[in-house]
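# Structure at a glance
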Amino acid sequence: MELTAGHVWLMVAAALVLFMTPGLAFFYGGMTRAKAALNMMMMSFISIGMVGVVWVLWGASMSSGEGFLQMVGNPFATFGLEGIDTPDGLIKVGYGATFAIITVALISGAIADRAKFGAWSVFVPVWVTLVYCPLAYMVWGGGLFGPEGAIGQALGPAIDFAGGTVVHINAGVAALVLVLIIGNRKGFGKDPNHRPHNIPFVMLGAAILWFGWFGFNGGAATTAEQGGLIWVNTLAAPAAAMLGWLITERVRDGHPTSLGAASGVVAGLVAITPACANVSPIGALCLGLVAGMASALAVGLKFRWGFDDSLDVVGVHLVSGIIGTVALGFIALPADGVGGGLFYGGGFTQLWAQLAAAGTAIVFSAVMTAIIAFAIHKTMGFRVSQEQEVVGVDLSLHAETAYEFGVGGHGGSFTPLHELITGKSQAPAPAAETVDASSNGKKSAAAGKESVEA
């Protein structure tokens, strides 16, 4: 079959969505402490590697085709992508893989500074297999919430054009579960050093995410009219959300912040994701404004309720994901003059469908993530030791640092770090020799001690 403009656009959109995960790495890496920046970025990058392999082997098969109980596809139907014979089948597989990658990467921000990299590397493929793939099948693959699904026939099909339930509610709930199982960081709510260390990285990451989101939302557009609506809505909602977040900060705290602007953009992008093709531009502005203000208020609840959602995954992705999904029950445009949300005379039908989809996603993700995370935590352990957390997970888990603070690039002995990683003591370094100018070149041993604070 000849390569069409539609095929080319879908490949470009897939590349844009894949680029979002390195953008997320910058966004999260800047928000954490300097001594955990590399680990935070690595949690996103390892997600690309792990999910890329899983998706080719069985993930794509589990998210489409014939399924079990309308909940998950057969992992062996197209294992290794064998038997995919539609002209654009592999293009769609690649596009779908990028969604799975960023969904699990989003979760990592909630457990910054304290998760074992090995445990995370086990969690990623298991979670994608047992949580993401089934939920993607239920919503997009012809499962429970589709036109032929049991819930879809009973309540009407739920609208989730680009991932309000499958991506954002799913990731937000999983993040909350992991936080509750792993526990809070040392000094949570008290240590001022828990502030973001590199706001320019955060803003760069937000810019990359916004850029990539035009492929995230627009990749599945089928007509020029739909593509234009999606593009404008993907501009309008995050713009309004950024203003809503900054206004909330100005009223509550007395000053707008760069971090608030970046976070507001992401909140608006999350909210418009399920609704991008089904609301008017005015609806997108209203949705973004509400999501920006709501998430700005929600991120503060972690201090009041005592759960350490380190980089606000719950406050942004879960809260704005629910807002965007449920709002469709009110502001969804009629399709061919039929249906639509409550405000367009469509009655409560679409609202019930949206509530059912959001509720199912919350319960399913919470239960399955709890089982996976608890099993990992009780076997190999999900959390680093307190000593490793204090030293910093960059040094203690990866033996490297994002920045050279005062060591001149020559490397130090890092004796405490060596003992922390290997469990073995290093032999004491020989005393340095210096030349005493007043003794006509005679050498004298100078006792010294090098100490490097991680």
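Residues numbered from 1 in each chain as written. Predicted model: local features only at pLDDT ≥ 70, side-chain atom pairs only at ≥ 80, totals over all residues. Heavy atoms only, no water.

### Considering the overall build of the chain
In terms of regular secondary structure, the chain is built from 16 helices and four strands. For the chain, the residues scored as buried account for 50% of the 454 residues in total. Relative to all contacts within the chain whose residues are 6 or more apart in sequence, the contacts with residues 24 or more apart total 75%. For the chain, the accessible area works out to roughly 19,900 Å², and carbon and sulfur atoms hold 67% of it. (Helix = DSSP H or I, 4+ residues; strand = E, 2+ residues; numbered from the N terminus. Buried < 20%, exposed > 50% of the residue type's maximum accessible area, 1.4 Å probe, protein only. Contact = heavy atoms within 4.5 Å. Areas by Shrake-Rupley, 256 points an atom, 1.4 Å probe, with all protein chains shown as cover.)

### Let's talk about a nonpolar patch on the surface
Among the surface-exposed residues, Leu3, Val8, Trp9, Met11 and Val12 lie close enough to one another that they form a single nonpolar patch of about 420 Å² accessible area. By secondary structure assignment, the location of Val12 is in helix α1 (residues 5–31). Val12 gets classed as partly exposed once you look at its relative accessible area, which sits at 39%. (Patch = residues over 30% accessible without salt bridge, like charges linked within 9 Å, V, L, I, M, F, W, Y side chains within 5 Å. Salt bridge = Lys/Arg side-chain N within 4 Å of Asp/Glu carboxyl O.)

### Thoughts on the pattern of salt bridges
For the coordinates displayed, the defined rule picks out nine salt bridges. Salt-bridge contacts for Arg185 lead to Asp113; the nearest nitrogen and oxygen are separated by 3.3 Å. On the criterion of sequence distance, the pair formed by Arg185 in the loop between α6 (164–182) and α7 (199–218) and Asp113 in the loop between α3 (89–107) and α4 (117–140) is long-range, its members being 72 residues apart. Given a relative accessible area of 4%, Asp113 falls into the buried group. Three or more residues are tied together by salt bridges with common partners; here these are Arg33, Asp113, Arg114, Arg185, Asp191 and Asp308.

### What to know about the side chain of Thr273
Note that Thr273 resides in the loop between α9 (258–272) and α10 (281–298). Overall, the relative accessible area of 0% leaves Thr273 in the buried class. From its side chain, Thr273 meets the backbone oxygen of Leu269 in a polar contact 2.7 Å long. Not counting chain neighbours up to four residues away, the residues in contact with Thr273 comprise Phe161, Ala162, Gly163, Gly164, His168, Trp213, Phe216 and Asn217. (Polar contact = N/O pair within 3.5 Å; in protein donor to acceptor, adjacent residues only side chain to side chain.)

### Quick word on the confidence of the model for the chain
The predicted model of the chain has a mean per-residue pLDDT of 90, with 89% of residues at 70 or higher. Note that pLDDT drops below 50 for residues 408–415; the model gives that stretch seven contacts with residues more than four away or on any other chain. Note on residues 429–454: pLDDT under 50 across the span, and 20 contacts to partners over four residues away in sequence or across chains. (pLDDT = per-residue confidence, 0-100.)

### Focus on the layout of surface pockets
Within this model, the largest pocket holds a volume of roughly 1,100 Å³. Lining the largest pocket are 39 residues, with Lys92, Val93, Tyr95, Gly96 and Trp140 sitting closest to its centre. Residue contributions to the lining of the largest pocket peak at six residues, all from α3. Of the residues contributing to the lining of the largest pocket, the split by class is 18 nonpolar, 16 polar and five charged. If you go around the second largest pocket, you meet 31 residues; those closest to its centre are Pro196, Leu259, Lys302, Phe303 and Asp312. If you list the elements that add at least two residues to the lining of the second largest pocket, you get α8 (224–253), α9 and α11 (301–305). Here the element with the most residues in the lining of the second largest pocket is α8; it accounts for four residues. The residue makeup of the lining of the second largest pocket, split by class, is 11 nonpolar, eight polar and 12 charged. (1 Å grid on protein atoms, 1.4 Å probe; cavity = no way out; pocket = protein on both sides within 12 Å on 5 of 7 lines; lining within 4 Å. Points joined across faces, edges and corners; volume = space filled by probe spheres on them. Nonpolar A, V, L, I, M, F, W, Y, C, P; charged D, E, K, R; others polar.)

### Focus on the packing of aromatic side chains
Taken as a whole and judged by the stated rule, the model has 15 aromatic pairs. Here the aromatic rings of Trp120 and Phe123 are separated by 5.5 Å at their centres, their planes lie at 25°, and the arrangement is stacked. Here Trp120 pairs with Phe123, and both are found in helix α4, just three residues apart, close to one helical turn. You'll find Trp120 and Phe123 in the same group, each marked buried. When the centroid spacing of 5.9 Å and the interplanar angle of 25° are considered together, the rings of Phe348 and Trp352 count as stacked. On the accessibility criterion, Trp352 (47% relative accessible area) is partly exposed. An aromatic cluster of three or more residues is present, and its members are Tyr95, Phe99, Trp140, Trp213 and Phe216. (Phe/Tyr/Trp six-rings, centres within 6.5 Å; stacked < 30°, edge-to-face > 60°.)

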